[in-house]
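# Remarks on the overall topology
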Amino acid sequence: MIRSAVKFLVDTIISEKNHLTALDTKIGDGDHGLNMARGATAALEAIDEVDEENLNASTALETVGQAFIMNVGGAAGPLYGTGFVDASKVLNKNSKLDVDTLEKVFSAAIVGIQRRGHAKKSDKTMLDTLIPIQESLKQSIEDKKNLAEALDEAMTAAREGVEYTKTIVAKRGRAAYIGERSIGFEDPGAVSSMIIFRAFCQFLKDNEII
Ligand code: ADP
Ligand code: MG
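Every chain is numbered on its own, with residues counted from 1 as its sequence reads. Labels follow written order: the first chain is A, the first ligand is 1, and so on. Confidence filtering applies because this is a predicted model: local features only for residues at pLDDT of at least 70, side-chain atom pairs given and counted only at 80 or more, and all residues used for totals across whole chains, interfaces and linings. Hydrogens and water molecules were not included; the side-chain quantities draw on all heavy atoms of the structure.

## Considerations on the environment of Gly-179
Let me state the cut-off plainly: A helix here means a DSSP run of H or I that spans at least four residues, while a strand means a run of E at least two residues long, and both kinds are numbered starting from the N terminus. Per-residue accessibility, obtained with a 1.4 Å probe over protein chains only, is compared with the maximum for each type, and a residue is labelled buried under 20%, exposed over 50%, and partly exposed between these values. Whether two residues are in contact is decided by their heavy atoms, any of which lying within 4.5 Å being enough.
Summarising the element assignment, Gly-179 is placed in the loop between helix H8 (147-167) and helix H9 (188-206). Residue class for Gly-179 comes out buried when judged on its relative accessible area of 18%. Along the primary structure Gly-179 and Ile-27 are separated by 152 residues, whereas in three dimensions their C-alpha atoms are 9.5 Å apart. Contact partners of Gly-179, with chain neighbours within four places excluded, come to Val-169 and Ala-170.

## Focus: the packing of helix H3 (residues 32-48) against helix H4 (residues 57-71)
The following threshold applies: Fitted lines through C-alpha atoms give the axes, limited to the stretch in contact for helices. The angle between two N-to-C directions lies from 0 to 180 degrees. Oblique is the label for every angle not falling under 35 degrees (roughly parallel), over 145 degrees (roughly antiparallel), or within 65 to 115 degrees (roughly perpendicular). Definitions for this section: a left-handed crossing has its near helix turned counterclockwise from the far helix by less than a right angle. A right-handed crossing has that turn clockwise. Under the grouping applied here, Gly and all other residues not named as nonpolar or charged are polar, the nonpolar ones being Ala, Val, Leu, Ile, Met, Phe, Trp, Tyr, Cys and Pro and the charged ones Asp, Glu, Lys and Arg.
As a packed pair, H3 and H4 sit with axes 8 Å apart at the nearest point and diverge in direction by 135°. Comparing their axes, H4 and H3 come out oblique. The two elements H3 and H4 meet at a crossing, and its hand is right-handed. On H4, the residues touching Met-36, Arg-38, Gly-39, Ala-40, Ala-42, Ala-43, Ala-46 and Ile-47 of H3 are Ala-60, Thr-63, Val-64, Ala-67, Phe-68 and Asn-71. Looking at the contact of H3 with H4 residue by residue, the classes come out as ten nonpolar, three polar and one charged.

## Regarding the coordination of the magnesium ion (ligand 2)
Using the following cut-off: Any N, O or S atom lying within 2.8 Å of the metal counts as a donor, with the limit raised to 3.2 Å for Na, K and Ca; because water is left out of the atom set, some sites can appear incomplete.
Within the protein, Asp-24 (OD), Asp-29 (OD) and Asp-31 (OD) serve as the donor atoms for the magnesium ion (ligand 2), at 2.0 to 2.2 Å. Each donor residue of the magnesium ion (ligand 2) lies on the same chain, and together they follow the pattern D-x4-D-x1-D. Taking relative accessible area as the criterion, Asp-24 reaches 9% and is therefore assigned buried.

Function-wise, these values are silent; they only describe arrangement.
Right, dumping it as structure tokens:
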């Protein structure tokens, strides 16, 4: 199941390559789709090398993260890589897929990305998708929502996060160089984070896991 989940996410990222690159052409250097597709391809190759008995959510995230760190230049590769690797550390082979676990995964990823990139919420980065997802999951834990409901709400928060990036000035990454002129455009990394999360939710639905 984990192998097919990784494959589905990788295929999704690759299919969004031109879309992500087009977004990055508007406020960056037009390589985000290329970077993500390169990382995704390397991640799938690395996952193929992991034996079935050693493959679980934790080892998968660790493997994917290392593949991004080692194969992707640009800002997003090492940032996503660090996020995936740090998220892997809150999981083990017995981890259950529930709202609590997912919230911990996103929290760990966010802390890792911030340690590496020093961006905050509203700096117009991938964090403007990831932080609203984590906050939504946290709220769902308090409200005792089930996984399906929690994911639906987190997905709404992710979409709103992307929309919000259109309204703000970039403070980190290449888009910060164009300052005010970055207003009106979605942040490419916020969009890629939303796409990955949307694909994850889709995979769970398609496979009747939620
Ligand atoms: P580069 O900017 O080096 O060309 P990419 O185009 O692959 O790399 O990635 C750009 C994306 O990386 C941005 O849209 C933004 O979401 C994200 N990003 C850039 N800098 C940071 C940072 N310091 N913290 C979090 N995300 C960042
Ligand atoms: Mg770029």
